[in-house]
Amino acid sequence: MSAFATSLSLSLDALPQQFEIKPFAAPLGAEIIGLDLSKPLTEADFKRIHQAHLDHALLVFRNQQITPEQQIAFSRRFGDLQIHVLKQFLLADHPEIFIISNIIENGQPIGLGDAGKFWHSDLSYKELPSLGSMLLAIELPEEGGDTLFASQQRVYASLPEHLKKAIEGRRAAHSYTARYDDEVVVGVQRPKLTPAQLAEVKSVVHPVVRTHPETGEKVLFVNENFTTHILDIPEDESRQLLAELFAHSARAEFIYRHQWQPHDMLFWDNRALVHLAAGCPLDQRRRMHRTTIQGDAPF
Ligand code: OGA
Ligand code: MN
């Protein structure tokens, strides 16, 4: 083998890495310290990360100075990537990356400024909702900008019997447009959806309680951003029931609040958690890059 071929194969081969998985003192989440995601992972390291993701539902990879290509490559190891319907906020040349940002350039927002103002699970409005999302901090505000996560597995397990009974076997409709117009940052309107975009986000139906396809746990799968109503019950009953479920699902004992550090990359399980953006002062810049991994049809 020539020297060139040798060095090439060495640079492509994954090498084992030393890293720590430290669970938070919280109902969910763990931080990963010492792993460099700019390098390809060995099968064994990947398996450890995959298992940690199932065990903790949210992984915080510290100090990831990675390129869009590297974020996409790592995300792809978990499944196909989903392209967001708001095409104007996709990173140029990398449509797999959706920009979450309040920054305005030349009078135009560069990203979605108000993603996650209500509790939600990403893309629950799709037939195939997201398995998980990876969110990389590119630019952080000095104040605020936290992201909150709530374990919907813990929530389901702790529901009072009458609520468990009321939702048993029930299905609910989810729609991207349910609260679309409520989600405005002061002074910045959300872009109006075109007919083609609206056709991409037709309302879908999912079970109210889903079984996590990898852990087998039961999870409450309704959220205040996208779930419009529970099927086959009167409308006022559906509204009342959803209000009770939402109140229960965001109780403090199920929540981990993430305060971002520079170069954090979060990877959360949309099949197990709901999340919320706490927001930051309007005059502070915040820019994040998200990849979204497609999951299974909920059952
Ligand atoms: C998301 C999201 C919250 C935040 O990227 O899916 O909801 O704090 N982000 O940016
Ligand atoms: Mn989100």
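Residues numbered from 1 in each chain as written. Chains lettered and ligands numbered in written order. Predicted model: local features only at pLDDT ≥ 70, side-chain atom pairs only at ≥ 80, totals over all residues. Heavy atoms only, no water.

1. A short note on the overall build of the protein
(1) Moving on: The helix and strand inventory of the protein stands at 7 helices and 18 strands.
(2) Moving on: A globule of 299 residues ought to have a C-alpha radius of gyration of about 19 Å, and the protein, at 20 Å, matches this closely.
(3) Moving on: For the C-alpha atoms alone, the extent of the protein along its principal axes is close to 75 × 45 × 35 Å.
(4) Moving on: When burial is assessed residue by residue, the protein has 51% of its 299 residues classed as buried.
(5) Moving on: Put simply, 81% of the contacts in the protein that link residues at least 6 apart link residues at least 24 apart.
(6) Moving on: Of the roughly 14300 Å² of accessible surface on the protein, 52% is carried by carbon and sulfur atoms. (Helix = DSSP H or I, 4+ residues; strand = E, 2+ residues; numbered from the N terminus. Rg over C-alpha atoms; globule rule 2.2 N^0.38 Å. Buried < 20%, exposed > 50% of the residue type's maximum accessible area, 1.4 Å probe, protein only. Contact = heavy atoms within 4.5 Å. Areas by Shrake-Rupley, 256 points an atom, 1.4 Å probe, with all protein chains shown as cover.)

2. Section: the nonpolar core
(1) Moving on: In this structure, Leu58, Leu86, Phe149, Tyr176 and Leu273 are the most contacted members of the largest nonpolar core, which totals 29 residues.
(2) Moving on: Contributions of two or more residues to this core are made by strand S3 (58–61), strand S5 (94–101), strand S8 (130–139) and strand S16 (265–269).
(3) Moving on: Discounting residues that sit within four places of it in the chain, Tyr176 has contacts with His84, Val85, Leu86, Tyr125, Arg190, Leu193, Val201 and Phe226.
(4) Moving on: Leu35, Ile49, Ile66 and Leu131 belong to the second-largest nonpolar core, a separate cluster that totals 25 residues. (Core = buried A, V, L, I, M, F, W, Y, C linked by side-chain atoms within 4.5 Å.)

3. Looking at the sheet that holds strand S1 (residues 20–23)
(1) Moving on: Taking strand neighbours across the sheet as the criterion, the 8 strands line up as S1-S2-S3-S16-S8-S18-S5-S4 in an open arrangement whose pairing is mixed. Unpaired on one side and paired on the other, S1 and strand S4 (90–91) mark the two borders of the sheet.
(2) Moving on: In terms of strand pairing, S5 meets strand S18 (residues 287–294) through 4 bridges, oriented antiparallel. Its bridge partner lying in S18, Phe98 is registered against Arg290. (Pairing = 2+ DSSP bridges.)

4. Structural notes on the site of ligand 1
(1) Moving on: Near ligand 1 you find Ile100, His120, Asp122, Leu135, Thr147, Trp268, His275, Ala277, Arg286 and Arg290, and these make up its full shell.
(2) Moving on: In the environment of ligand 1, an oxygen atom lies 3.1 Å from a nitrogen or oxygen atom belonging to the side chain of His275.
(3) Moving on: Considering ligand 1 on its own, with 290 Å² of exposed area, one finds that the protein chains cover 100% of that surface.
(4) Moving on: Per-class residue counts for the shell around ligand 1 are 4 nonpolar, 3 polar and 3 charged. (Near = heavy atom within 4 Å. Polar contact = N/O pair within 3.5 Å; in protein donor to acceptor, adjacent residues only side chain to side chain. Nonpolar A, V, L, I, M, F, W, Y, C, P; charged D, E, K, R; others polar.)

5. Points about the side chain of Arg287
(1) Moving on: Structurally, Arg287 can be placed in strand S18.
(2) Moving on: Of the side chains with opposite charge, Glu105 lies nearest to the buried Arg287, which makes no salt bridge, at 5.4 Å.
(3) Moving on: Excluding its chain neighbours within four sequence positions, the residues that come into contact with Arg287 are Leu91, Ile99, Ile100, Ser101, Ile103, Ile110, Leu136, Ala137, Ile138 and Glu139. (Lys, Arg positive; Asp, Glu negative; His and termini not counted. Salt bridge = Lys/Arg side-chain N within 4 Å of Asp/Glu carboxyl O.)

6. Concerning the coordination of the manganese ion (ligand 2)
(1) Moving on: Looking at the manganese ion (ligand 2), one finds its protein donor set to be His120 (NE2), Asp122 (OD) and His275 (NE2), positioned 2.1 to 2.2 Å from the metal centre.
(2) Moving on: Motif for the manganese ion (ligand 2), donor spacing along one chain: H-x1-D-x152-H. One end of the pair, His120, is in the loop between strand S7 (108–109) and S8; the other, His275, is in strand S17 (residues 273–277), with 155 residues separating them in the sequence. Of the two residues, His120 and His275, neither departs from the other in class, the shared state being buried. (Donors = N, O, S within 2.8 Å, 3.2 Å for Na, K, Ca; no water.)

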